[in-house]
Amino acid sequence: MWLLAVRTALSDGTVVGLERPLVLVALPLAVVAFALLIRYRASGTASARSRRLLLASRLVVATLIVVAAAGPFTVVTMETRGDPSVSLLVDRSNSTTVSPDVADDLAADIEAAGVPATVSTIAQGTDSRVGDGIAANLRENASVVVVSDGQVTGGTSITETAELARSLNATISTVATEPTRTERYVSVAGPSKASVGVESRFLVQVAGVQADSPVTVRIAVDGQPVATERIDEGTGSVPVTHTFEETGSHRITAEIDGQDVFAINDVARKTVRVVEQPRVLYVSRGNYSLQGYLDQLYDVETAESVPESLDPYYAVVVQNVAAGDLGNVDELQRFVIDGGGLLMTGGPQSFENGGYANSSVGSMLPVTFGPSAPGSARIVMLIDVSGSAGSGMRIQKAIALDALSQLDDDNVVGVVGFNHQAYSIAQPAPLSENRGTVEDRIRRLQAGGATNIANGLRGAEEMLGGERGTVILVSDGGDTASRSAVVAGTLSGQGIRVIAVGAGRNVNEGVLRRIAEESGGNYFRADETDRLRLLFGGGTRQFQGEGLTVVDSGHFITSGVTLESNPGNRNDVSMRPGADFLVAGPDGTPAVASWRYGLGRVATITTYGPNGGLDGLLTRPDSLLVTKSVNYAIGDPERKASGVTDIADTRVGEPTTVIYRGEAPPSGTDLAFSAVDEGVYRAQVTPTAVGFDTVAGATYAANYPAEYAGFGTSPALTEAVRATGGQQFDRGDAAEIAAFARQQSTRVRDVRRTWDWALLTAALLLYLTEVVVRRLQVYNGRTRTESGLP
């Protein structure tokens, strides 16, 4: 299947293109074949003129057939008319009860204004599949008016529905449903697992509508009050810290008071499974403060070298030890391959200074030794030119050009544009040769059509031609249900990673992060494109920063991390292919990196202070980086335990997964456990009421349904109105809605036509005409049937 279509715009605005341009390769072959056929088979009384006319006729027929196979199409702008009507889609879910019900009166007023109106219910009770309801009522070149807060609890998202509307040239308008009643809800965020004796942090958040009066928040752990706070503004957050002194499941509740519509969401619940502090081996030959820091968080044992067995430990932390002094490196390698963790910190006796390059320990690390030489990478810039770019296309272009400016001249770069299909914009070539051409073609891009990121990714894959490379995706993430994450995962298996750059007025970061994660790439916001210089800058575009720079903020180690210190020194290392570049030094060299080695996890911190320690990295807020690096290496702190159940908190009506480790599944439960690995069993449970419940020895929380966790107009619905060209009406705007319906019944839209049928018809008519003419010549005696003409 050929994915890279080509198109061009004529002076009158008509777009002409080919779906499968590679088919044209067959045209020269057809010309040669017909020329040889006529030359060697023509004999008898056929004249040279007849042969030439026959050759010309057959060549025209062949050309028409080949061009038809290439998929010719045109896109023209034209005006269409229809009968005006209004389709009112009404959301009657519980979250809308904080606003007045205006749908029935509004429909009557619209009909009184002379336009037929129909009312359809698209959500009820706690089932707010608003996106599905809107999508089911969309029609080509039509308009819907939604009376809803846009709070979706399942099914298709509003963003995806807006993409469908754009592809149908339909508009989504809304009627403002401003809340008039007070409603608050509370939630608790924080870790689901904690170590005994270690302080844990939680955040209690209170949100709502028409909630200006003060509210009191009460937090309890295992039924014992731990904090009571008053929020004078009516909504806000309360940070809470707590140290658990016993292992097992613990229950946290947060409760608010005050009069509002619903009581079910005035209490939030959370469970924390507290485990013994993971045992960590700290290996060092110096006196560093990192040891004391680790003692506060983990069960730490110290050694000057790696012992004969590492089985009791979850992770090994090595600080500033030369390869010759590490001890049993083979045991360390086995430990990591089998699922253990390793954090290697730098110093004057570590990495390139400690002979790691000549030791098997070097093969375990996500970095190599010595500076990386500027090299060339194969890169495809994949730029979203769909209708979701719209008026924000200038932003898309600016970000694409800015990203291009970060790339070194030695990189081989091609460009693919995409909406519902992919288009070849510039073939791959070194930027030293085509930087100006690439910039010019990016500036000329125009937006239009629905979004299908999956097809765009397939087009980028085709341009890479089966070779390893990188795709820099510049998009707002406003994807249709195109399975883009699945395609990204497939690209990862071919050695192709996707770096997603969020661009546009309303970026769907969730979609872009998922694509990047599935491919092993990174997600950057629009203001973070300078980090591309760290990955592809090379010698001519060196990075110069101040202090340490987080390169990938979506990784477990770096998410939520703020770096203010700079230890000052760095080991001379460079990134190993396939590793995660997490933090860079002021000159762009790797300061923190990670990767998976076998079943285990390895992280490196290669920045250090004058004495070889981590200096300011051990003080807040930077210390979170060190803690998360160790936690990354540890992984699951219960992976060595048996007979342990792991179950996540959920909401009423939403299933959660139960994981049990043991020789056999637990007995005495109504759950159907199935084996997913040796000694690991899994089942699902769906709670029907709020509260805490216990399954096979583990407790989980069932919170109130998602319907009660969002009130007021959703930003996604407001953006859908803007993106589809709809309007925001007030509840008394019946006449305006009727006038808008009349206006929308006459629409200007892009009409796409395919012309393969016309070319095939022309080829058939030409062939039949030529046969008839030759038969008439025979009939009139001007030639003979055995003339030899094929």
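1. As for the side chain of Ser623
Tracing the chain through its elements places Ser623 in helix H14 (residues 623–634). Once you skip the residues sitting within four places of it in the chain, Ser623 turns out to touch Tyr293, Leu617 and Leu618.

2. A closer look at helix H4 (residues 130–137)
Along H4, the residues classified as buried are Val130, Gly131, Gly133 and Ile134. Buried residues of H4, viewed axially, fall in a sector of 165°; they line one side. At its buried positions, H4 is contacted by strand E4 (86–93), strand E5 (117–125), strand E6 (143–147), helix H5 (158–167) and strand E7 (171–175).

3. Here we look at the sheet that holds strand E11 (residues 215–221)
Pairing is mixed in the open sheet, where five strands are placed in the order E9-E15-E14-E11-E12. Looking at strand neighbours, the two that pair on one side only are strand E9 (193–195) and strand E12 (224–231), the edges of this open sheet. Averaged over all adjacent pairs, the angle separating strand axes in this sheet is 25°, with direction ignored. As judged from the eight bridges shared by strand E14 (residues 248–256) and strand E15 (residues 267–275), these two strands associate in the antiparallel manner. From the neighbouring strand, Ile252 faces E15, where its bridge partner is Lys270.

4. As for the environment of Tyr288
Here Tyr288 is to be found in the loop between strand E16 (279–284) and helix H6 (289–295). It is 41 Å that separates the C-alpha atoms of Tyr288 and Ile515, two residues lying 227 residues apart in sequence. Setting aside anything within four residues of it in sequence, one finds Tyr288 in contact with Tyr282, Gln319, Asn320, Asn611, Gly612 and Gly613.

5. Topic: the nonpolar core
Core analysis: the biggest nonpolar cluster contains 34 residues, and Leu290, Leu294, Tyr298, Leu563, Val583, Leu617 and Leu625 have the highest contact counts within it. Secondary structure elements with two or more residues in this core: E16, H6, strand E18 (315–319), strand E30 (580–584), strand E31 (590–597), strand E32 (600–605) and H14. The element best represented in this core is H14, accounting for six residues. Setting aside its immediate chain neighbours within four residues, Leu625 contacts Ile557, Thr558, Val561, Leu563, Val583, Val592 and Leu617. Core analysis: the next-biggest nonpolar cluster, separate from the first, contains 31 residues, Ile379, Ala426, Val551 and Phe581 among them.

6. Section: the pairing of strand E21 (residues 378–384)
When a strand is regular, its side chains alternate between the sheet's two faces. Burial analysis of E21 places six of its seven residues in the buried class, the great majority of the element. Where E21 and strand E22 (residues 412–418) come together, seven bridges link them in parallel fashion. Bridge pairing links Met381 to Val415 in E22.

7. Some thoughts on unusual backbone geometry
Residue Pro621 follows Arg620 across a cis peptide bond; omega there is 0°. Mapped onto the secondary structure, Pro621 falls in the loop between strand E33 (607–608) and H14. With phi around 50°, Gln210 is a residue other than glycine that occupies positive phi space. Summarising the element assignment, Gln210 is placed in the loop between strand E10 (199–209) and E11. Overall, the relative accessible area of 45% leaves Gln210 in the partly exposed class. The phi dihedral of Asp615 falls on the positive side, at around 45°, and the residue is not glycine. Following the sequence through the fold, Asp615 ends up in the loop between E33 and H14. On the basis of relative accessible area, Asp615 is assigned to the partly exposed category, the value being 32%.

8. Quick look at the pattern of salt bridges
Enumeration according to the criterion identifies 25 salt bridges in this entry. Residue Asp257 pairs with Arg218 through a salt bridge whose shortest N-O separation is 4.0 Å. Taken together, the residues span a long stretch of sequence, with Asp257 in the loop between E14 and E15 and Arg218 in strand E11 at a distance of 39 residues. Under the relative-accessibility criterion, Arg218 is labelled partly exposed at 34%. For Arg279, the salt bridge goes to Asp299, with nearest N and O atoms at 3.6 Å. Here the residue Arg279 occupies a position in strand E16, and Asp299 occupies one in strand E17 (residues 299–303), the gap between them amounting to 20 residues. Here Arg279 falls in the partly exposed class, since its relative accessible area comes to 32%.

So, how was this worked out
Residues numbered from 1 in each chain as written. Predicted model: local features only at pLDDT ≥ 70, side-chain atom pairs only at ≥ 80, totals over all residues. Heavy atoms only, no water. Helix = DSSP H or I, 4+ residues; strand = E, 2+ residues; numbered from the N terminus. Contact = heavy atoms within 4.5 Å. Buried < 20%, exposed > 50% of the residue type's maximum accessible area, 1.4 Å probe, protein only. Arc of directions from axis to C-beta. Pairing = 2+ DSSP bridges. Axes fitted to C-alpha atoms, helices over the stretch in contact; angles between N-to-C directions. Core = buried A, V, L, I, M, F, W, Y, C linked by side-chain atoms within 4.5 Å. Salt bridge = Lys/Arg side-chain N within 4 Å of Asp/Glu carboxyl O.

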